Amino acid sequence: MTAFDVRNYDSVGSTNDEAVRLAQEGAPHGTVVHADKQTVGRGRLSRRWSSPPGNLYLSIILRLNLPAPRNVEIGFIAALAVADAIETMLPRQERATLKWPNDVLVRNGKISGILVEQVDDALILGIGINVLMAPDGVSYNVSTIVGSGGLATVDGTRAALLAALANWLDVWHRDGFAAIRIAWLARAHPPGTPLRVTMGDRTIEGRFADIRDDGALIIDTDEGRRICTAGDVGFA
Ligand code: BTN
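From a predicted model like this one, the values you see are computed outputs, not experimental measurements. (Residues numbered from 1 in each chain as written. Predicted model: local features only at pLDDT ≥ 70, side-chain atom pairs only at ≥ 80, totals over all residues. Heavy atoms only, no water.)

Visitor: Give me the lowdown on the overall build of the protein, citing residues and values where you can.
Guide: Each helix and strand in the protein was counted, giving four helices and twelve strands. Each of the three principal axes of the protein carries a C-alpha extent, and together these read 50 × 40 × 35 Å. Among the 236 residues that make up the protein, the fraction classed as buried is 52%. Residue pairs in contact within the protein that sit at least 24 positions apart in sequence constitute 64% of those at least 6 positions apart. Total accessible area computed for the protein in this model is approximately 10700 Å², and 50% of it derives from carbon and sulfur atoms. Between the averaged position of the 24 positive side-chain charges in the protein and that of its 27 negative side-chain charges there is a distance of 3 Å. (Helix = DSSP H or I, 4+ residues; strand = E, 2+ residues; numbered from the N terminus. Buried < 20%, exposed > 50% of the residue type's maximum accessible area, 1.4 Å probe, protein only. Contact = heavy atoms within 4.5 Å. Areas by Shrake-Rupley, 256 points an atom, 1.4 Å probe, with all protein chains shown as cover. Lys, Arg positive; Asp, Glu negative; His and termini not counted. Charge placed at Lys NZ, Arg CZ, Asp CG, Glu CD.)

Visitor: I'd like a rundown of the packing of helix 3 (residues 154–175) against helix 4 (residues 177–187), residues and numbers included.
Guide: Look at helix 3 against helix 4: their axes get within 6 Å of each other, and the N-to-C directions meet at 130°. With respect to their mutual orientation, helix 3 and helix 4 come out oblique. On helix 4, the residues that touch W168, V171, W172 and D175 of helix 3 are F177, A178, A179, I180 and A183. (Axes fitted to C-alpha atoms, helices over the stretch in contact; angles between N-to-C directions. Parallel < 35°, antiparallel > 145°, perpendicular 65-115°, else oblique.)

Visitor: Which residues make up the pattern of salt bridges, and what values go with them?
Guide: Inspection of the entire model under this criterion finds 20 salt bridges. Among the ionic pairs, R42 bridges to D17, the shortest N-O distance being 2.6 Å. Linking R42 in the loop between strand 2 (31–38) and strand 3 (56–62) with D17 in helix 1 (residues 15–24), this pair joins segments that are 25 residues apart in sequence. Residue class for D17 comes out partly exposed when judged on its relative accessible area of 37%. The network of salt bridges with shared partners includes D17, R42 and E117. (Salt bridge = Lys/Arg side-chain N within 4 Å of Asp/Glu carboxyl O.)

Visitor: Help me get a handle on the pairing of strand 11 (residues 224–228), residues and values and all.
Guide: Bridging between strand 10 (residues 217–221) and strand 11 involves five bridges; their strand directions are antiparallel. In the strand pairing of strand 11, L217 is matched with C228. Joining the antiparallel neighbours strand 10 and strand 11 is a turn of two residues. (Pairing = 2+ DSSP bridges.)

Visitor: Please set out the sheet that holds strand 9 (residues 202–211) residue by residue, giving values where relevant.
Guide: The antiparallel open sheet is built from five strands, whose spatial order is 11-10-9-8-12. Looking at which strands have only one partner, the edges of the open sheet turn out to be strand 11 and strand 12 (232–235). With direction set aside, neighbouring strand axes in the sheet form an average angle of 45°. Summarising the sheet, strand 8 (residues 194–199) and strand 12 pair through four bridges and their orientation is antiparallel. Within strand 12, the position partnered with L195 by the bridge is F235.

Visitor: Can you break down the sheet that holds strand 1 (residues 5–12) residue by residue, with the values?
Guide: Pairing is mixed in the open sheet, where seven strands are placed in the order 1-2-3-7-6-5-4. Taken across any chain shown, the strands that pair with only one partner, and hence form the sheet edges, are strand 1 and strand 4 (96–99). With strand direction ignored, the average angle separating the axes of adjacent strands in the sheet is 20°. Summarising the sheet, strand 1 and strand 2 pair through seven bridges and their orientation is parallel. What sits directly across from D5, in strand 2, is T31. Relative to strand 3, helix 3 is tilted by about 30°, and along the sheet it contacts strand 1, strand 2, strand 3 and strand 7 (122–129).

Visitor: Talk me through the pairing of strand 2; I want residue IDs and the actual numbers.
Guide: Most of strand 2 is tucked away, with six of its eight residues classed as buried. At this point the chain moves from strand 1, through helix 1, to the parallel strand 2, and the crossover so formed is right-handed. Here four bridges tie strand 2 to strand 3, and the two strands are oriented antiparallel to one another. Across the sheet, residue V32 finds its bridge partner in strand 3, namely I60. (Right-handed = clockwise from strand over helix to strand, strands pointing away.)

Visitor: Account for the site of the ligand, naming residues and giving values.
Guide: In the region of the ligand, 19 residues are neighbours, and S14, Q38, R42, R44 and K110 sit closest. At 3.0 Å from a nitrogen atom of the ligand is found a side-chain nitrogen or oxygen belonging to T15. A distance of 2.7 Å separates an oxygen atom of the ligand from a polar atom in the backbone of R44. Calculation on the ligand without its partners gives an accessible area of 420 Å², and the protein chains cover 98% of this total. Contributing elements (two or more residues each) for the shell around the ligand: helix 1, strand 3, strand 6 (109–119) and strand 7. Its residues assigned to classes, the shell around the ligand comprises six nonpolar, ten polar and three charged. (Near = heavy atom within 4 Å. Polar contact = N/O pair within 3.5 Å; in protein donor to acceptor, adjacent residues only side chain to side chain. Nonpolar A, V, L, I, M, F, W, Y, C, P; charged D, E, K, R; others polar.)

Next up, the structure:
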């Protein structure tokens, strides 16, 4: 079971950047950088991640000796952990669902962001969860735990997240990515769901088919089956 060592900061540029710095200094597996706010929080695809006080921002140093093509597996593990953690704080009727590659949705709004980066032989798993504050200026639906009727504090969310993450890392160590893939599919949009995938200036529309063994998205379009390894997915 992974043991986490949490280092708290009032404010950093990005917890991922601080975790990179600590990893380069040799910080061990399980080191967690948690900040009350970020001044230059980063999202996927070089986007900004709005980071006012009131939400959870943390980055975890993972030393897993994974070959680089398998780094994507960590994003799926993290999404399952975020979904579990959030559901412990939501009213019983609310569900956290998943959308490729690692979006966690509540009431159809994105409630969390996950950013996995590599530095030397370590992975930095950055996770943001909207506890109280809905980010503004974004082009997609967002939600928060408290706005969805949940009872949560930032520190309580962090504790729930780290417990859930330790559990899913155990499942992965024991049963491999096959078990993660099955658990992820059980919480994601069902096969046939219309999706729009944007990769740079290219957009593909189709129906969700499956997730490949390496985490790639499989969609069926009118022109045939397509495989996506990167990009943004929206419901069409
Ligand atoms: C996304 O675009 O969906 C990923 C957003 C990831 C945000 C988190 S907040 C903690 C960590 N530090 C960062 O600068 N980014 C990640």
